[in-house]
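The residues making up each chain are set out below.
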Amino acid sequence: MSACPAPQPALVIQSERPEDGPQIDALIRRAFGPGHHAKASERVREFAAFAPELSFCAWSEGALVGVVRQWRVRVGETPLVFLGPLAVDPETRSAGVGGLLVARACEAAEQAGEAGVLLVGDAAYFQRFGFSAAAARAVRMPGPVDQGRVLVRAFRDLGEGLSGAVRAL
Ligand SMILES: CC(C)(COP(=O)(O)OP(=O)(O)OC[C@H]1O[C@@H](n2cnc3c(N)ncnc32)[C@H](O)[C@@H]1OP(=O)(O)O)[C@@H](O)C(=O)NCCC(=O)NCCS
């Protein structure tokens, strides 16, 4: 696991609760900005099984400043976790909140016995957490996507590697 910058003093990371939904939706809109549609990831989330126990919120003095959600899918025959969205409040960026959320999400997935975590995102950001496009080159997303943004972090040897369509568990 990679080193994270020091968090804000009052930062609390806890599992997502049902009542957090409206604040999470508002934060995601704020973080991604208007007109953003993560189409490839949205297609996955249409059929993926939401995993609240693998999804986390970052709170600072009662305010939601970050969120990461995870879902269960299958790639070919391999059950896997799908990460996204990851969003941090624009006013709280570069303080390590995103890194802490990714680390916590991956730790929870690994502890749950999952084989790995898949996402669509910038390799320049996610490679520091062990994600790689090479390991995901045979993963087929539903709908068009830049394959260089399809990234995976495996927690164990996946044999021949990950291969096949992302589909419902
Ligand atoms: C990406 C995001 C979650 C990072 O949150 P954060 O709390 O600022 O992350 P961290 O503090 O752990 O890391 C910040 C560092 O990553 C860098 N970084 C952020 N986004 C990056 C990207 N897309 N590519 C490369 N580097 C990136 C920042 O420049 C910063 O570098 P610095 O420490 O040298 O200043 C946040 O910028 C965000 O919510 N962006 C909009 C939504 C989004 O793109 N989500 C990810 C795709 S699902």
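Since the model is a prediction, treat every value here as computed from it, not as a measurement.

Reading guide: rules and limits
- Residues numbered from 1 in each chain as written.
- Predicted model: local features only at pLDDT ≥ 70, side-chain atom pairs only at ≥ 80, totals over all residues.
- Heavy atoms only, no water.
- Buried < 20%, exposed > 50% of the residue type's maximum accessible area, 1.4 Å probe, protein only.
- Helix = DSSP H or I, 4+ residues; strand = E, 2+ residues; numbered from the N terminus.
- Arc of directions from axis to C-beta.
- Contact = heavy atoms within 4.5 Å.
- Near = heavy atom within 4 Å.
- Polar contact = N/O pair within 3.5 Å; in protein donor to acceptor, adjacent residues only side chain to side chain.
- Nonpolar A, V, L, I, M, F, W, Y, C, P; charged D, E, K, R; others polar.
- Expected span 1.5 Å × (residues − 1).
- Phe/Tyr/Trp six-rings, centres within 6.5 Å; stacked < 30°, edge-to-face > 60°.

A. Summary view of helix α2 (residues 39-47). Burial in α2 covers these residues: A40, S41, V44 and R45. Projection of α2 onto a plane perpendicular to its axis shows the buried side chains occupying an angular sector of 135°, all on one side. Opposite the buried face of α2, at more than 90 degrees from it, the exposed residues are K39 and E46. Tucked inside the fold, the buried residues of α2 contact β4 (63-75), β5 (78-88), β6 (116-120) and β9 (164-168).

B. Structural view of the site of the ligand. Not every one of the 16 residues close to the ligand is listed here, only the nearest: S94, G96, G98, G99 and D122. A distance of 3.4 Å separates an oxygen atom of the ligand from a polar backbone atom of A95. Within the backbone of G96, an N or O atom sits 2.8 Å from an oxygen atom of the ligand. Residue assignment for the shell around the ligand shows that the elements contributing at least two residues are α1 (21-32), β5, α3 (97-111) and α4 (123-126). Within the shell around the ligand, the residues separate by chemical class into nine nonpolar, four polar and three charged.

C. Expanded view of the side chain of S41. When you line up the elements, S41 lands in helix α2. Given a relative accessible area of 8%, S41 falls into the buried group. Apart from residues no more than four positions distant in its own chain, S41 is found in contact with F82, V120 and M141.

D. Focus on α1. Its twelve residues place the ends of α1 16 Å apart at the C-alpha level, agreeing with the 16 Å of an ideal helix rising 1.5 Å per residue. In this structure, the buried residues of α1 make contact with β3 (56-60), β4 and β5. Of the residues trailing α1, G33 is marked for its positive phi of about 80°.

E. Focus on the environment of K39. By the element assignment, K39 lies in helix α2. When its relative accessible area of 63% is taken as the criterion, K39 is described as exposed. In this structure, the C-alpha to C-alpha distance between K39 and G98, residues 59 residues apart in sequence, is 21 Å.

F. The packing of aromatic side chains, seen in detail. All chains considered together, the criterion is met by five aromatic pairs. Taking 5.0 Å as the distance between ring centres and 55° as the angle between the ring planes, the aromatic pair formed by F50 and W71 counts as tilted. With F50 in strand β2 (residues 49-50) and W71 in strand β4, this residue pair connects regions lying 21 residues apart in the sequence. With relative accessibility at 12%, the residue W71 sits in the buried group. Cluster of aromatic residues (ring-pair linked, three or more members): Y125, F126, F129 and F131.

G. The environment of F32, seen in detail. Topologically, F32 is positioned in helix α1. The exposure class of F32 is partly exposed, given its relative accessible area of 33%. Placed 54 residues apart in sequence, F32 and L86 show a C-alpha to C-alpha distance of 9.6 Å. Ignoring sequence-local partners within four residues, the contact set of F32 consists of P85, L86 and A87.

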